[in-house]
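Structural overview
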Amino acid sequence: MASIPPDPDAAERLTAEARRVVDLVRRTQAPTEVADAALAHLEQATALLAPHAHPGPWAQRSLAWEDGFTSFEPGETLEQYFPYSPLIGPRNPLAPPAEFTVRDGRIHGRVRFGAAYIGPPTCVHGGVIAALFDELLGSVNVANQVGGMTGTLRVIYRSPTPIDTELRLESWVDRTEGRKIFAKGTMHAGEVLTAEAEGIFIQGTIQRFEEMRQRGATAGPASDSPAR
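Here is what the cut-offs are and how they apply
- Residues numbered from 1 in each chain as written.
- Predicted model: local features only at pLDDT ≥ 70, side-chain atom pairs only at ≥ 80, totals over all residues.
- Heavy atoms only, no water.
- Helix = DSSP H or I, 4+ residues; strand = E, 2+ residues; numbered from the N terminus.
- Contact = heavy atoms within 4.5 Å.
- Pairing = 2+ DSSP bridges.
- Polar contact = N/O pair within 3.5 Å; in protein donor to acceptor, adjacent residues only side chain to side chain.
- Buried < 20%, exposed > 50% of the residue type's maximum accessible area, 1.4 Å probe, protein only.
- Lys, Arg positive; Asp, Glu negative; His and termini not counted.
- Salt bridge = Lys/Arg side-chain N within 4 Å of Asp/Glu carboxyl O.
- Phe/Tyr/Trp six-rings, centres within 6.5 Å; stacked < 30°, edge-to-face > 60°.
- Lys NZ or Arg CZ within 6 Å of the ring centre and 35° of its normal.
- Patch = residues over 30% accessible without salt bridge, like charges linked within 9 Å, V, L, I, M, F, W, Y side chains within 5 Å.
- Areas by Shrake-Rupley, 256 points an atom, 1.4 Å probe, with all protein chains shown as cover.
- pLDDT = per-residue confidence, 0-100.
- Axes fitted to C-alpha atoms, helices over the stretch in contact; angles between N-to-C directions.

**A word on the environment of Val111**
In this structure, Val111 sits in strand β2 (residues 106-111). Sequence separation between Val111 and Leu132 is 21 residues; the distance between their C-alpha atoms is 9.7 Å. Residue contacts for Val111: discarding those within four places in its chain leaves Pro96, Pro97, Ala98, Leu132, Thr165, Glu166, Leu167 and Leu169.

**Focus: the pairing of strand β1 (residues 98-103)**
For a regular strand, side chains alternate in direction, first toward one face of the sheet and then toward the other. Here β1 pairs with β2 via six bridges, running antiparallel. Considered in β2, the bridge of Glu99 is made with Arg110. Linkage of β1 to β2, two consecutive antiparallel strands, is achieved through a turn of two residues, within which Asp104 is found at a positive phi near 55°.

**A look at the side chain of Asn92**
For Asn92, the location among the structural elements is in the loop between α3 (78-81) and β1. In terms of polar contacts, Asn92 uses its side chain to reach the backbone amide nitrogen of Leu94, at 2.9 Å. With residues up to four places along the chain from it excluded, the contact list for Asn92 reads Thr15, Arg19, Pro83, Tyr84, Ser85 and Pro86.

**Some remarks on the side chain of Arg19**
Relative to the helices and strands, Arg19 resides in helix α1 (residues 8-27). For the buried Arg19, which has no salt bridge, the nearest side chain bearing the opposite charge is Glu12, at an N-O separation of 8.2 Å. The contacts of Arg19, once residues within four sequence positions are left out, are Gly89, Pro90, Asn92, Pro93, Ala95, Pro96 and Pro97.

**Structural notes on the packing of aromatic side chains**
Throughout the structure, instances matching the rule amount to two aromatic pairs. A centroid spacing of 5.1 Å and a plane angle of 65° characterise the contact between Phe113 and Tyr117, whose relative ring orientation is edge-to-face. Under the relative-accessibility criterion, Tyr117 is labelled buried at 17%. One Lys or Arg, Arg175, reaches over the ring of Phe182 and ends 3.8 Å from the middle of that ring.

**What about a nonpolar patch on the surface?**
On the surface, Leu14, Leu48 and Leu49 cluster together into a nonpolar patch covering about 310 Å² of accessible area. Relative to the helices and strands, Leu49 is located in helix α2 (residues 32-49). With a relative accessible area of 45%, Leu49 lands in the partly exposed category.

**A short note on the confidence of the model for the protein**
Averaged over every residue, the pLDDT of the protein is 88; residues scoring 70 or more account for 86%. When mean pLDDT is taken per element in the protein, α2 scores highest with 98 and helix α5 (residues 206-219) scores lowest with 61. Here residues 221-228 is modelled with pLDDT under 50, and outside its nearest four sequence neighbours on either side it reaches 26 contacts, counting other chains as well.

**Focus on the sheet that holds β2**
The sheet built from six strands is open, its strands ordered β1-β2-β4-β5-β6-β3 with antiparallel pairing. The outermost strands of the open sheet, each flanked by one partner alone, are β1 and β3 (149-157). Going across the sheet, the axis of each strand differs from the next one's by a mean of 20°, ignoring polarity. The sheet contact formed by β3 and strand β6 (residues 192-202) spans eight bridges and is antiparallel. Along β6, the bridge assignment pairs Met149 with Ile202. Packed on one face of the sheet, helix α4 (residues 126-143) meets β1, β2, β3, β4 (167-177), β5 (180-189) and β6 and runs near 130° to β5.

Written out as structure tokens, the structure reads:
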């Protein structure tokens, strides 16, 4: 099937509704007959969407990883730059609703995690927090034109991070050393620092990513597409 660019508005409406379904399925106490009826509708949706699924390879930046690399532009939001991100993408139902803005080279973000992301009772799962920091720190590198792959990521959990609460995020590039980029970030719930992170990211080469793309095109959906 030929690659057809998706309608962004339709894709984002579909994503928003899929997020609501995930949240409700996570919290459901529906009796058997209601659960079975909902399942029938989901099976219908699956049958409708399956013929239109792009076979890959994919990317956060675009549905089909075939357009090469483009720079982050002033005034562009990170959600617009990474619409398929699993952490902030408005076209990825795995991602919670998030808002990342760039001001003076720093990223300022807001996100709210629902019941699907619970780890300890009433709190966000620590692995989810680490994943969000990976995106937060990686994105600030992209915004400063020094994007790279994650080398190491260290997260310090200062206080339990509450579920269903607006979280405030900030990240910045601390320094660069050759191909290494050192980035840091924080997460607050209100005035409480719940977690902070620091990471080392390695700038790759266009040739290496092109090799990965070619391998992915050969291998199909099981390929190792790049994170950024």
